[in-house]
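# Observations on the three-dimensional arrangement
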Amino acid sequence: MIELNNVSIFYGKDKVVKDVNATINEKVILLGPNGSGKSTLLKAIAGIIPYQGHIFIDGKEVSKLRNYTELSTNINEAFSLGVKLKDVIYIYEEIKGINSKLAIGMLSQLGLKDLNKNIYSLSAGQGVIFRTIIALASNSKIILLDEPFENVDIGKRKIIANWIKEYGKEGIIVTHELDMVKIFKDYKANLIFEGKVFGPITAKDILESSIIEGEDQSAILEIEVNKKKYSFVKGEKGYKVENLVTLDRIYNLGE
Ligand SMILES: Nc1ncnc2c1ncn2[C@@H]1O[C@H](COP(=O)(O)OP(=O)(O)OP(=O)(O)O)[C@@H](O)[C@H]1O
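Residues numbered from 1 in each chain as written. Predicted model: local features only at pLDDT ≥ 70, side-chain atom pairs only at ≥ 80, totals over all residues. Heavy atoms only, no water.

With that settled, the discussion passes to the packing of aromatic side chains. The full count for this structure, using the stated rule, is three aromatic pairs. Judged by centre distance (5.2 Å) and plane angle (15°), the rings of Phe 79 and Tyr 92 are stacked. Of this pair, Phe 79 sits in the loop between β6 (71-73) and α2 (85-96) while Tyr 92 is found in helix α2, placing the two residues 13 residues apart along the sequence. Residue Phe 79 is classed as buried on the basis of its relative accessible area, which comes to 4%. A residue is classified by how much of its surface remains accessible, and Tyr 92, at 8% relative accessible area, is buried. On the basis of an interplanar angle of 35° and a centroid distance of 6.3 Å, the ring pair of Phe 149 and Phe 184 is categorised as tilted. Of the two residues, Phe 149 sits in the loop between β7 (142-146) and α5 (154-166) while Phe 184 sits in the loop between α6 (178-183) and β9 (188-193), which places them 35 residues apart along the sequence. Note on accessibility: Phe 149 and Phe 184 belong to one class, buried. An aromatic cluster of three or more residues is present, and its members are Phe 149, Phe 184 and Tyr 187. (Phe/Tyr/Trp six-rings, centres within 6.5 Å; stacked < 30°, edge-to-face > 60°. Helix = DSSP H or I, 4+ residues; strand = E, 2+ residues; numbered from the N terminus. Buried < 20%, exposed > 50% of the residue type's maximum accessible area, 1.4 Å probe, protein only.)

Here is the structure:
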């Protein structure tokens, strides 16, 4: 279980994650526009950057955890050890207990067969595939995945989506990809705007909502962006701020 108690994260004086409170004991989707704080929040939960407040993983404060094998992530910064792919796999086998046979099979299925390759020589999509598979093949209880479909071909995205459903019991999946959110429509989703987290509601409800000016009685979620309130209302109803049917348009609210 991931518990966030009044979590704030600063870069210098900039507070980019603001007083987040949440309990996560399943796999959830995190959606939000560029620069809203998604990666920053994931990095703090993974113990890569400092935070204020408390983040507990299964009751233990993240800042005090060392080599915790029940949490895995595809975040770039977690991959500073090893150069050749086979070395990275070996190191993760040693320190995280990943199932290297499983990882090698999954990589091969997605076209990454030459494990003598240098991790820095991978294309953008290959890098995402490699890091995501390492995170999944660890079969940790908790997985933190930052944009696991970015730059990945559509057919491979679907394979990865199925693996994400299969591996890990809890965690956070950050994605911008609307088609992928559809695959996870039964998952709960949280929205993040300007460092503030809203929700959860189901991904399906987000996809099917109209967004109208705030404080509608039947709203399934209310968010505040740039001091304006918006309500997510199921189906066609009320005066629409915009004809919001795609996530891209939801993201535009934050700009
Ligand atoms: N190392 C850093 N130093 C200073 N500011 C940073 C740093 N990393 C991120 N930021 C800033 O923090 C804010 C949140 O960034 P973050 O990367 O968490 O956004 P994001 O929601 O993941 O965006 P995207 O969808 O574009 O990946 C942004 O304004 C960004 O410019």
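All right, on to the sheet that holds strand β2 (residues 14-24) then. Strand order in the open sheet made by the four strands is β2-β1-β4-β5, with antiparallel pairing throughout. Since the sheet does not close on itself, it has two edges, and those belong to β2 and β5 (60-61), each with one partner. For strand β4 (residues 52-57) and β5, the ladder comprises two bridges, and the chain directions are antiparallel. Its bridge partner being in β5, Ile 57 is matched across the sheet by Lys 60. Against the sheet, helix α1 (residues 38-45) makes contact with β1 (2-11), β2 and β4, and its axis sits at roughly 120° relative to β1, the strand it touches most. (Pairing = 2+ DSSP bridges. Contact = heavy atoms within 4.5 Å. Axes fitted to C-alpha atoms, helices over the stretch in contact; angles between N-to-C directions.)

Here the focus is the site of the ligand. The environment of the ligand is formed by Tyr 11, Val 16, Pro 33, Asn 34, Gly 35, Ser 36, Gly 37, Lys 38, Ser 39, Thr 40 and His 176. Residue Asn 34 places a side-chain N or O atom 2.9 Å away from an oxygen atom belonging to the ligand. Note that an oxygen atom of the ligand is positioned 2.5 Å from one of the side-chain N or O atoms of Thr 40. Considering the ligand on its own, with 640 Å² of exposed area, one finds that the protein chains cover 56% of that surface. It is α1 that provides the largest number of residues to the shell around the ligand, a total of three residues. When its residues are assigned to classes, the shell around the ligand shows three nonpolar, seven polar and one charged. (Near = heavy atom within 4 Å. Polar contact = N/O pair within 3.5 Å; in protein donor to acceptor, adjacent residues only side chain to side chain. Areas by Shrake-Rupley, 256 points an atom, 1.4 Å probe, with all protein chains shown as cover. Nonpolar A, V, L, I, M, F, W, Y, C, P; charged D, E, K, R; others polar.)

Moving on, we come to the sheet that holds β6. Ordered in space as β6-β7-β8-β3-β9-β10, the six strands form an open sheet in which the pairing is mixed. Strands at the two margins of the open sheet, each flanked by one partner only, are β6 and β10 (196-202). When strand polarity is set aside, the average angle formed by the axes of neighbouring strands in this sheet is 20°. Pairing of β6 with β7 involves three bridges; the strand directions are parallel.

A few words on the packing of helix α4 (residues 124-137) against α5. For the pair α4 and α5, the least separation of the axes is 11 Å and the interaxial angle reads 20°. Between α4 and α5, the angle falls in the class roughly parallel. Crossing handedness for the pair α4 and α5: left-handed. In this structure, α4 uses Ile 129, Thr 132, Ile 133 and Leu 136 to contact α5, whose residues at the interface are Lys 156, Ile 160, Trp 163 and Ile 164. (Parallel < 35°, antiparallel > 145°, perpendicular 65-115°, else oblique. Left-handed = near helix turned anticlockwise from the far one by under 90°.)

Residue Pro 200 is bonded to the preceding Gly 199 through a cis peptide linkage, with omega at 5°. Here Asp 19, not a glycine, exhibits a phi torsion of approximately 50°, which is positive. Here Asp 19 is to be found in strand β2. Even without being a glycine, Glu 215 presents a positive backbone phi close to 65°. The residue Glu 215 is located in the loop between β11 (209-213) and β12 (221-225) in this model.

Averaged over all residues, the pLDDT of the protein chain is 89; the fraction at 70 or higher stands at 93%. For residues 238-245, every residue scores under 50 in pLDDT, and the model assigns this stretch 19 contacts once sequence neighbours within four places are set aside. (pLDDT = per-residue confidence, 0-100.)

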